[in-house]
Structures are given as C-alpha cells and as structure tokens.
Amino acid sequence: QVQLVESGGGLVQAGGSLRVSCAASGRTFSRYAMGWFRQAPGKEREFVARISGSGGSTYYADSVKGRFTISRDNAKNTVYLQMDSLKPEDTAVYYCAASLGGAFNDQRQYHYWGQGTQVTVSS
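Q: Could you clarify how one ought to interpret the state of the cysteines in this entry?
A: Two cysteines, two sulfur atoms, one covalent bond between them: this is a disulfide. As enumerated under the stated definition, the model contains one disulfide in all. The partner cysteine of Cys22 in its disulfide is Cys96, sulfur to sulfur 1.9 Å. Looking along the S-S bond of the Cys22-Cys96 disulfide, the torsion reads about 50°, which is the right-handed sense. Of this pair, Cys22 sits in strand S3 (residues 18-24) while Cys96 sits in strand S9 (residues 92-99), and the two are 74 residues apart along the sequence. Given a relative accessible area of 0%, Cys22 falls into the buried group.

Q: Can you help me understand the pairing of strand S11 (residues 117-122) in this one?
A: Regular strands have side chains that alternate between both faces of the sheet. In S11, alternate side chains face the same way, and those of Thr117, Val119 and Val121 are buried while those of Gln118, Thr120 and Ser122 on the opposite face are not. The sheet contact formed by strand S2 (residues 10-13) and S11 spans four bridges and is parallel. In the sheet register, Leu11 faces S11, and the bridge partner there is Thr120.

Q: When you look at the packing of aromatic side chains in this model, what are you seeing that I'm missing?
A: The geometry of an aromatic ring pair comes down to the distance between the two centres and the angle between the two planes. Scanning all chains against the criterion turns up seven aromatic pairs. Aromatic side chains Tyr59 and Phe104 sit 4.5 Å apart centroid to centroid with 10° between the ring planes, which places their arrangement in the stacked category. Of this pair, Tyr59 sits in strand S6 (residues 58-60) while Phe104 sits in the loop between S9 and strand S10 (110-113); the two residues are 45 residues apart in sequence, bridging distant segments of the chain. What makes Tyr59 partly exposed here is its relative accessible area of 35%. The exposure class of Phe104 is partly exposed, given its relative accessible area of 29%. Members of the aromatic cluster, each reached through a chain of ring pairs, are Phe37, Phe47, Tyr59, Phe104, Tyr110 and Trp113. Positioned above the aromatic ring of Phe29, the side-chain terminus of Arg72 is 4.3 Å from the ring centre.

What counts as what
- Residues numbered from 1 in each chain as written.
- Predicted model: local features only at pLDDT ≥ 70, side-chain atom pairs only at ≥ 80, totals over all residues.
- Heavy atoms only, no water.
- Disulfide = S-S within 2.5 Å.
- Helix = DSSP H or I, 4+ residues; strand = E, 2+ residues; numbered from the N terminus.
- Buried < 20%, exposed > 50% of the residue type's maximum accessible area, 1.4 Å probe, protein only.
- Pairing = 2+ DSSP bridges.
- Phe/Tyr/Trp six-rings, centres within 6.5 Å; stacked < 30°, edge-to-face > 60°.
- Lys NZ or Arg CZ within 6 Å of the ring centre and 35° of its normal.

Laid out in structure tokens, this is it:
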C-alpha cells in the first residue's frame with residue numbers, strides 16, 4: 001500500500017513558475033514509477049509526466065515538454081514537478097500516481113493516487 005500526498009499548488013501569473021511535490025509513504029518507493037496527471041474543469045484527466053523508479057527515464061506530454069520537469073528524491077520518498085513558463089491552460093488539479101509498470105500514459109497502470117493539488121494560472 002502506498003499513500004500519496006501532494007502539496008505546493010497555488011495561484012501564479014502566466015509566465016511564472018511553481019513546483020508541486022508528492023510525498024509517498026512506505027519503504028518501497030523506488031520500486032514505483034511515478035506520474036503526474038491533471039484535470040481541468042470540464043475535461044478528462046490527462047497525462048503530464050512520468051519518471052522511472054531510478055529516476056533515469058522521464059516522459060512528458062507534448063503540451064508540457066520543455067516547460068515542465070519531473071524529478072524524484074528516493075531518499076525522501078518524494079517526486080516533484082517543476083512547472084515553468086506557465087500558461088492559463090495549465091490550470092487544473094494536479095495528481096500524482098504510482099505505477100509498477102505498463103504504458104507511461106495509461107492511467108489504468110497507476111495503482112495509487114493522491115488527492116490532488118490545485119494549480120491556477122492567471123492571465
């Protein structure tokens with residue numbers, strides 16, 4: 001069982017930066033690939049980024065590539081999403097999730113989810 005708690009969301013102006021964090025419980029954090037997803041009002045939840053258990057491989061949605069950076073600190077059981085050059089269309093609830101494998105952008109492959117943190121980008 002893995003419990004995930006996101007933090008760091010908030011309100012930021014377009015062009016600004018924000019870092020959200022996800023703290024995980026348990027002693028097997030490094031076994032899990034970690035992903036970030038987001039859900040905007042009235043839209044389906046979508047993939048944002050993923051990082052492998054070791055941190056050696058990362059994947060990004062085209063919409064955030066070059067602006068967002070996913071990283072992890074296995075000693076702290078924490079995964080981060082650094083968001084730069086934010087746009088109003090990045091406004092959403094951001095969720096972290098844990099996966100033991102499978103397609104990086106397939107939500108069905110993620111077995112544990114956090115409660116989400118709101119990110120709002122004003123124009």
